[in-house]
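What the coordinates show
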Amino acid sequence: MEKKLIEGFEHIRYQREQPSEEELIQNSRNFYQLMNGRRTVREFDTRPIPLEVIENIVLTASTAPSGAHKQPWTFCIVSDSEIKRKIRIAAEEEEKISYSGRMPEDWKADLKPLGTNWEKPFLEDAPYLIVVFKQSYGLSDGEKSQHYYVSESVGIACGFLIAAIHQAGLVAVTHTPSPMNFLSSILERPTNEKPFLLVPVGYAKEESYVPAIVRKDLEKIIVRF
Ligand code: IYR
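It should be emphasised that the depicted structure is a prediction, and the values quoted were computed from it without experimental measurement.

Turning next to the overall build of the chain. Scanning the chain from N- to C-terminus turns up eight helices and eight strands. Judged by the C-alpha coordinates and their principal axes, the chain covers about 60 × 50 × 40 Å. Burial analysis of the chain (225 residues in total) assigns 34% to the buried set. Restricting to contacts in the chain with at least 6 residues of sequence separation, those with at least 24 account for 79%. Placing the 28 positive and 32 negative side-chain charges of the chain at their respective mean positions leaves the two points 3 Å apart.

Next up, the structure:
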């Protein structure tokens, strides 16, 4: 392996085969088509999934870039039905308050086409809940250390996570009960970690439905200079 010292730190040569223009077009088109088939699904089959699948998905998420390579994330994998039940009860308690008043009317109107409500059976039906925590700062043996661009880094990792779930053939819903501090106490997380996203993962229920909504087309989202 070719190595080089830069300001005293070891660097290794970046080596990757360079695709031709035709291959670039094919690769980018194929990946777009794969990802364009992703849908948020809220109805899960209870069928179990090998833990290794979830571990590979988390490993993929952990390949995300992060501020100063601090990797400021923790992924809690919940398959224990007692813990899932506790999470469902606490989440639904918050959601009930949100839907019956905490959310302004225009917000609730925006959610109507998605068919969501305070009930979250997916928190028990999905064989796994991946609970993503962001580490606001590092904490090792009581020693604090600085983390950078934490929300950006963890947000990117969650994007990778969601892509990996879809690529494996499974479905997910990005659930953000608000407030979600209850996740810290149920999962007994240390003080430097804050809940970021709750992602139930599993097979879609045999007959499941998703809202008939469409994505913005390219001309609506791109500005060429
Ligand atoms: N957290 C609530 C409400 C909700 C909010 C948004 I913004 C969504 O895109 C979907 C739902 C819930 O999970 O139902």
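Time to look at the packing of helix α2 (residues 51-61) against helix α6 (residues 150-168). Direction vectors running N to C along α2 and α6 enclose 140 degrees, while the axes themselves pass 7 Å from each other. The element α2 and its partner α6 pack so that their crossing is right-handed. Contacts from Ile57, Val58, Thr60 and Ala61 of α2 reach α6 at Ala157, Phe160, Leu161, Ala164, Ile165 and Ala168. Grouping the constituent residues of the contact of α2 with α6 by class yields nine nonpolar, one polar and no charged.

If you check the shell around the ligand, you find Glu95, Tyr99, Trp107, Leu111, Asn117, Lys120, His175 and Thr176 and nothing else. Between the ligand and His175 there is a distance of 3.1 Å, counted from an oxygen atom to a side-chain nitrogen or oxygen. The fraction of the free accessible surface of the ligand (380 Å²) that becomes covered by protein chains is 69%. Looking at the shell around the ligand, the elements that each hand over two or more residues are α3 (81-102) and α4 (105-111). The residue inventory of the shell around the ligand, partitioned by class, reads three nonpolar, three polar and two charged.

Moving on, we come to the confidence of the model for the chain. Close inspection of predicted coordinates is inappropriate for parts of the model with low pLDDT. Across the chain, the average pLDDT comes to 97, with 100% of residues at or above 70. Here α4 is the element of the chain with the lowest mean pLDDT, 93, and α2 is the one with the highest, 99.

Judged by pairing direction, the sheet is antiparallel, and its four strands sit side by side in the order β3-β4-β8-β7 without closing on themselves. The open sheet terminates on both sides in strands that have one partner only, identified here as β3 (73-78) and β7 (171-172). The sheet contact formed by strand β4 (residues 128-135) and strand β8 (residues 193-202) spans eight bridges and is antiparallel. The residue of β8 that forms the bridge with Phe133 is Pro195. Packing against the sheet, α2 makes contact with β3, β4 and β8, and its axis sits at approximately 165 degrees to β3. The strands that α3 touches are β3, β4 and β8; relative to β3, the one it contacts most, it runs at about 110 degrees.

Reading the values: the criteria
Residues numbered from 1 in each chain as written. Predicted model: local features only at pLDDT ≥ 70, side-chain atom pairs only at ≥ 80, totals over all residues. Heavy atoms only, no water. Helix = DSSP H or I, 4+ residues; strand = E, 2+ residues; numbered from the N terminus. Buried < 20%, exposed > 50% of the residue type's maximum accessible area, 1.4 Å probe, protein only. Contact = heavy atoms within 4.5 Å. Lys, Arg positive; Asp, Glu negative; His and termini not counted. Charge placed at Lys NZ, Arg CZ, Asp CG, Glu CD. Axes fitted to C-alpha atoms, helices over the stretch in contact; angles between N-to-C directions. Left-handed = near helix turned anticlockwise from the far one by under 90°. Nonpolar A, V, L, I, M, F, W, Y, C, P; charged D, E, K, R; others polar. Near = heavy atom within 4 Å. Polar contact = N/O pair within 3.5 Å; in protein donor to acceptor, adjacent residues only side chain to side chain. Areas by Shrake-Rupley, 256 points an atom, 1.4 Å probe, with all protein chains shown as cover. pLDDT = per-residue confidence, 0-100. Pairing = 2+ DSSP bridges.

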